[in-house]
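Here is how the chains run, residue by residue.
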Amino acid sequence: KLSMRLERVATYIPKGSVLADIGSDHAYLPCYAVQKGISAKAIAGEVVEGPFQSAKKQVKQTELEDQIDVRLGNGLDVLVSDEATCITIAGMGGILISAILENGKDKLGAVTRLVLQPNVGSNMVRQWLLENDWELVNEEILEEDGKIYEILIAERGLPAKPYANHAESALLFGPFLMEERHEVFLKKWKLEKEHWQRIIREMDEKSQNAATNSKRQELMNQLQKLEEVLGI
Ligand code: SAM
């Protein structure tokens, strides 16, 4: 059975799309998308041999070899230009997701939608989208097995008004998420707050000149943003 996290990712794949799932591991997501009739054709990309073999095995077991191509390679290198119309990248850090998109810009020609699920660092993904004329069109947050996940959905286009106010905060919290204020979202940032406060306390215990420490300053700024923007 597919995790709720990947099931939610799948709901944002446009029907009829040619899907490229990058960092596919067991290829659960492309298998599900094809079985559900969301995608007629999919590519599962993996850079590591073990997961690549798992993906091949899964596709074989589900008898989807005609519809799903499993390819070994780094990021979007596994794609031919204008092949995929939807790209999913899930279960990695935001820095890695942004790097994969940045290094594979030439493979995005036919892509109309990106569905990205960073485990951490979603602000890096939002930043990349903003700088590369991908409009964030929706966001979702969910909790599964005690972990909190964000899903970012983007389409080609100029960044729209969600960034107009509180631009910096919107990158950090997510323009849609901060408006929706879902209970999981509030929980996430309360946990972050406690985490940041703990780090600051530890810094202060260790260091004499804590006030001039730039990392500390950054955390203080973020705490202030939490209070100003989210009221946490
Ligand atoms: N996408 C699946 C999910 O969400 O459940 C698997 C997530 S798994 C934690 C991350 C996978 O991404 C690993 O299998 C890893 O080998 C793969 N990966 C990491 N960097 C990659 C890259 N540059 N190109 C392709 N795959 C990559």
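Computed from a predicted model, the values in this text were never measured in an experiment. (Residues numbered from 1 in each chain as written. Predicted model: local features only at pLDDT ≥ 70, side-chain atom pairs only at ≥ 80, totals over all residues.)

A. Quick peek at the overall build of the protein chain. Assigned secondary structure in the protein chain consists of 9 helices and 7 strands. If you line up the protein chain on its principal axes, its C-alpha atoms span 65 × 35 × 30 Å. For the protein chain, restricting intrachain contacts to residue pairs at least 6 apart in sequence, the fraction spanning at least 24 positions comes to 69%. (Helix = DSSP H or I, 4+ residues; strand = E, 2+ residues; numbered from the N terminus. Contact = placed C-beta atoms within 7 Å.)

B. Representation of the domain arrangement of the protein chain within the structure. For the protein chain, the domain assignment lists domain 1 (4-161) and domain 2 (184-230). Placing a centre on the C-alpha atoms of domain 1 and another on those of domain 2 gives a separation of 32 Å. (Domains from an automatic or database assignment.)

C. Expanded view of helix α2 (residues 28-35). Most of α2 sits inside the fold, with 7 of its 8 residues counted as buried. A positive backbone phi angle near 75° is found at G37, which sits one or two residues after α2. (Buried ≥ 20, exposed ≤ 12 C-beta atoms within 10 Å, placed from the backbone.)

D. Molecular detail of the sheet that holds strand β6 (residues 134-144). Taken in spatial order, the 7 strands make up an open sheet running β3-β2-β1-β4-β5-β7-β6, and their pairing is mixed. The two strands at the open ends of the sheet, each matched to only one other strand, are β3 (68-72) and β6. With direction set aside, neighbouring strand axes in the sheet form an average angle of 15°. Note that strand β2 (residues 39-46) and β3 share 5 bridges and pair parallel. In the strand pairing of β3, E46 is matched with L72. With respect to the sheet, helix α1 (residues 4-11) is in contact with β4 (86-92), β5 (113-118), β6 and β7 (147-156), its orientation differing from that of β6 by roughly 155°. (Pairing = 2+ DSSP bridges. Axes fitted to C-alpha atoms, helices over the stretch in contact; angles between N-to-C directions.)

E. How the structure looks around the site of the ligand. Neighbouring the ligand are 17 residues, the closest being G23, D25, V47, A90 and G91. For the shell around the ligand, the secondary structure elements donating two or more residues are β2, β4 and α4 (94-103). When residues of the shell around the ligand are assigned to their parent elements, the largest contribution, 3 residues, is made by β4. Of the residues assigned to the shell around the ligand, the class counts are 9 nonpolar, 6 polar and 2 charged. (Near = placed C-beta within 6 Å. Nonpolar A, V, L, I, M, F, W, Y, C, P; charged D, E, K, R; others polar.)

F. Spotlight on the pairing of strand β1 (residues 17-22). Where burial is concerned, most of β1 is hidden: 5 out of the 6 residues are buried. In terms of strand pairing, β1 meets β2 through 6 bridges, oriented parallel. Across the sheet, residue A20 finds its bridge partner in β2, namely I43. The handedness of the β1 to β2 crossover, carried by α2, is right-handed. Sheet analysis places β1 next to β4, joined by 4 bridges and oriented parallel. Residue pairing in the sheet places L19 in a bridge with C86 of β4. (Right-handed = clockwise from strand over helix to strand, strands pointing away.)

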